[in-house]
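One-letter residues, chain by chain:
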Amino acid sequence: MSNGYMGKILWINLSEGTFKEEQLPDEIYRQYLGGYGLAAKLIYEKMPSKTDALGADALFGFFPGLLTGTVAPLSGRFMVAGKSPLTGTWGDSNCGGYFGPEIKKCGYDAIIIKGMATSPKYITIINDDKQILDASDLWGLDTVQTEEKLTEKHGKVQVASIGQSGEKLSLISGIVNDKARIAGRSGFGTVMGSKKLKAIVLKGNKDLNVADKDLLLKHTKEYNESISSAKGVIIGWKTFGTTMGNTYSAQIGDTPIKNWGGNVNEDFPMERYNKLSGMEINKYRQKPYGCYSCPVQCGSIMKVPELGLDETHRPEYETCASFGHLLLNDDLMSIFTINDLCNRAGIDVISAGGTVAFAIECYENGILSKDDTDGLELTWGNSSAIIELVKKMINREGFGDILADGSKIASEKIGKGSSKYAIHSLGQELGMHSPKVLKSLGASYAFDPTPGRHTTATLDMYRMGPILKPNGLFEGFELPKKFKNPGDDRSEAEKLISGISQATNCVGLCLFVYNYLKYPLIELINAVVGWDMTMNELVKTGLRIQTLRHSFSLKEGINVIHNKLPERTVDVDYLEDYKAYCKKMGWNPENAYPTKETLTDLNLNFVIKDLY
Ligand code: SF4
């Protein structure tokens, strides 16, 4: 009997209306863990290259982490994964809340969807009963309405759904659960919309076996107690969540200003960005919100009487930055409004804000006029126009239709030299952190298998966390001594960070674990699953997963090494950084192809025939 994982996945074919269970061999979990590691293995092998990401043959799925569903702290995450319709590369998106653990409770380590329904449908998996049901009365509803309606009908269930953006095939749409947790990046709301799948409803009755329950509880209790008694930065996370960084990131120049072309002191000085501080936002805080098995609970439920919002989730850092600093918009009420609108519509705030910034810069430079924007005066900081534009993007109305697929496609439609204002990486807008401050972000924004992501592992994103000290975050994990300076140690450190972070994602840990306290990672994996895994093996597992994600894109004919970031976003030689990283990864630094030896060493022999 398996521990930690269920040993079984579920395939759902919407064209045929069928469900099929598949048992997986134990080795697959040891080699790919769970989450997008498992996804990369299964989708790489089962989906032929060049499959249309929005076609009936496209596969995408929901993959909880290896530890997800247990009480292990911070382990409740799940990932949506497949081919990104936005970038054409491998795509994945990580999400919290309570949906991931419910997949395990339903008895599965993955739910993978293929085919395409001919009319709107939703799927229910409720206590062993699986059905594909008519969703015509849900089509057109936002994600909160959808969740409420499905809960009314099916009782206490977990729901993941798309809003209007996914239905209208906006390439920057995501999938929403818990009314506001969104797998926002990579465009999977569109994939779900293309399959006419409105929602998945889960309620499970299965128990998850654990190899050593006492040890799991011991480590969990110790970690949770240390979080409870911690002071300083942990209190900040509990109180402000990611908005703790709203002021600091602006101060140090990390937050992009004015579509990445501005300067904080000149364009959006302290008296303006302070209006979007965590303190200001928290004046509307009602209670904490957090994901399953999380002792931090970094989210918040807010009430904003000025807007008639009785219950809405807190706009987090990325939302505040992409609709605030990036647009020179200091109107906090507009941020609350847009955050609520985007969560309900299921549109990715980073891409949506980045695309609005593109439109404003086009307007400023005479490429667009009021005739093009349906009469909207698209000037910096014009919050009422920004809100109207977001609504138009969500509903693909008028000018909003041009913007609904992100800035790259919008610039191709608009022409007139507008592409220089489209700040994206292979079609995906960049996260709200600057590679001019966090230098290593340049290479990861440009070259990660999911380009443009700030959550992708990279050294400088972790530079304030305990991982920088020997054994500081995970027992047995150490970075080379001179990793802060350019050179061999730094490239080696990038490789190690790449490996460990793929692994932590795939066991289902929240990325914020890197900001907190020493975490019993190997101890918990072995307690739950009963393995004798070492840190070396875990890091190597992460490197296998990263190499396979990367190989997926190569098989698709996309070699990220040719990608370039917009000039205004970066001031380091990120290509040289990447080549040094490739060398360490055992990939040819000249063309980023994993060598045959590396593929063999990582037990990825099945990739060789595709790349060579
Ligand atoms: S720290 Fe925040 S995002 Fe991470 S698991 Fe906890 S509540 Fe969720």
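This one's a predicted model, so the numbers in the text were calculated from it and none came from an experiment.

Participant: So what's going on with the overall build of the protein? Which residues, and what values?
Facilitator: The helix and strand inventory of the protein stands at 25 helices and 17 strands. Expressed along its principal axes, the backbone C-alpha trace of the protein runs to roughly 65 × 60 × 55 Å. Looking at the protein as a whole, 59% of its 612 residues are labelled buried. Taking all contacts inside the protein whose residues are at least 6 apart in sequence as the whole, residues at least 24 apart take part in 70%.

Participant: Quick rundown of helix α22 (residues 535-555)? Include the residues and the values.
Facilitator: The end-to-end C-alpha separation of α22 is 30 Å, in line with the 30 Å expected for 21 residues at 1.5 Å each. Judged by how many residues are buried, α22 sits mostly within the fold: 16 of 21 residues are covered. Among the residues trailing α22, Gly557 stands out with phi positive, at a value near 90°.

Participant: Mind laying out the site of the ligand, listing which residues take part and the relevant values?
Facilitator: Around the ligand, the neighbouring residues are Leu74, Gly96, Gly290, Cys291, Cys294, Val296, Gln297, Cys298, Gly299, Cys510 and Phe512. In the shell around the ligand, the residues fall into seven nonpolar, four polar and no charged.

Participant: Quick one: what's the story with the domain arrangement of the protein, residue by residue and with numbers?
Facilitator: Split by domain assignment, the protein resolves into domain 1 (8-203), domain 2 (241-422) and domain 3 (441-611). The straight-line distance from the C-alpha centre of domain 1 to that of domain 2 is 27 Å. Contacts between domain 1 and domain 2 engage 32 residues on the former and 22 residues on the latter. Residue contributions to the side of domain 1 that touches domain 2 peak at three residues, all from helix α5 (residues 164-167). Per-class residue counts for the side of domain 1 that touches domain 2 are 15 nonpolar, 14 polar and three charged.

Participant: Let's hear about the pairing of strand β15 (residues 309-313): which residues, and what values?
Facilitator: Of the pairings in the sheet, the one linking strand β14 (residues 299-304) to β15 comprises three bridges and is antiparallel in character. Looking at the pairing, Ile301 lines up with His313 of β15. Here β14 hands over to β15 after four residues, with Gly308 in that stretch at a positive phi of 70°.

Participant: Break down the pairing of strand β4 (residues 78-83) for me, citing the residues and quoting the values.
Facilitator: A regular strand carries its side chains on alternate faces of the sheet. Of all the six residues making up β4, six are buried; the element is thus mostly covered by neighbouring parts of the structure. Summarising the sheet, strand β3 (residues 60-64) and β4 pair through five bridges and their orientation is antiparallel. Across the sheet, the residue bridging to Gly61 is Ala81, located in β4. By the bridge criterion, six bridges tie β4 to strand β5 (residues 90-95) in an arrangement that is antiparallel. By the bridge assignment, Lys83 is partnered in β5 with Trp90. Counted between consecutive antiparallel strands, the loop separating β4 from β5 contains six residues, among which Gly88 sits at a positive phi close to 80°.

Participant: Requested: an account of the packing of helix α20 (residues 488-506) against helix α23 (residues 574-585), with residues and values cited.
Facilitator: Here α20 crosses α23 at 65°, and the two axes come no closer than 9 Å. In terms of axis orientation, α20 runs roughly perpendicular to α23. Between α20 and α23 the crossing geometry is right-handed. Note on element contacts: α23 touches α20 through Ala580, Tyr581, Lys583, Lys584 and Met585, opposite Ser491, Glu492, Glu494 and Lys495.

Participant: So, the environment of Ile103: which residues are in play, and what are the values?
Facilitator: Its place among the elements puts Ile103 in helix α3 (residues 99-105). Considering only alpha carbons, one finds Ile103 and Val191, 88 residues apart in sequence, at a separation of 20 Å. For Ile103, the contacting residues outside a window of four places in its chain are Phe62, Pro64, Phe78, Tyr108, Ile111 and Leu202.

Participant: Pulling in residues and values, what's your account of the sheet that holds β15?
Facilitator: Taken together, three strands build an open sheet; the order of strands is β13-β14-β15 and the sheet is antiparallel. Of all strands in the sheet, those bounded by a partner on one side alone are β13 (285-289) and β15. Here the average twist between neighbouring strands, direction ignored, is 25°. Of the strands in this sheet, β14 and β15 touch helix α14 (residues 332-345), which is tilted by about 70° from β15.

Participant: Quick rundown of the nonpolar core? Include the residues and the values.
Facilitator: Ranked by size, the top nonpolar core spans 189 residues in total, and within it Ala39, Ala110, Ala359 and Val390 carry the most contacts. Take this core: its biggest share by element is 10 residues, from helix α15 (residues 349-364). Once you skip the residues sitting within four places of it in the chain, Val390 turns out to touch Ile338, Leu341, Cys342, Ala352 and Val356.

Participant: An account of the packing of helix α2 (residues 35-46) against α22 is needed here, citing residue identities and associated values.
Facilitator: Working note: a packed helix pair is described by the angle between its axes plus the distance between those axes. Axis separation between α2 and α22 bottoms out at 9 Å; the angle between their running directions is 40°. Between α2 and α22, the angle is such that the two are oblique. The two elements α2 and α22 cross, and the hand of that crossing is left-handed. Mapping the contact onto sequence places Gly37, Ala40, Lys41 and Tyr44 in α2 and Ile545, Leu548, Arg549 and Phe552 in α22. Its residues placed into classes, the contact of α2 with α22 shows five nonpolar, one polar and two charged.

Participant: Mind laying out the sheet that holds β5, listing which residues take part and the relevant values?
Facilitator: Strand order in this open sheet of six strands is β2-β1-β6-β3-β4-β5, and the pairing throughout is mixed. Each end of this open sheet is capped by a strand with a single partner; those strands are β2 (18-23) and β5. Averaged over all pairs of adjacent strands, the angle between their axes in this sheet comes to 20°, without regard to strand direction. In the packing of α2 onto the sheet, contacts are made with β3, β4, β5 and β6 (111-114), and the angle to β4 comes to roughly 25°.

About the cut-offs
- Residues numbered from 1 in each chain as written.
- Predicted model: local features only at pLDDT ≥ 70, side-chain atom pairs only at ≥ 80, totals over all residues.
- Helix = DSSP H or I, 4+ residues; strand = E, 2+ residues; numbered from the N terminus.
- Buried ≥ 20, exposed ≤ 12 C-beta atoms within 10 Å, placed from the backbone.
- Contact = placed C-beta atoms within 7 Å.
- Expected span 1.5 Å × (residues − 1).
- Near = placed C-beta within 6 Å.
- Nonpolar A, V, L, I, M, F, W, Y, C, P; charged D, E, K, R; others polar.
- Domains from an automatic or database assignment.
- Pairing = 2+ DSSP bridges.
- Axes fitted to C-alpha atoms, helices over the stretch in contact; angles between N-to-C directions.
- Parallel < 35°, antiparallel > 145°, perpendicular 65-115°, else oblique.
- Left-handed = near helix turned anticlockwise from the far one by under 90°.
- Core = buried A, V, L, I, M, F, W, Y, C linked by C-beta atoms within 7 Å.

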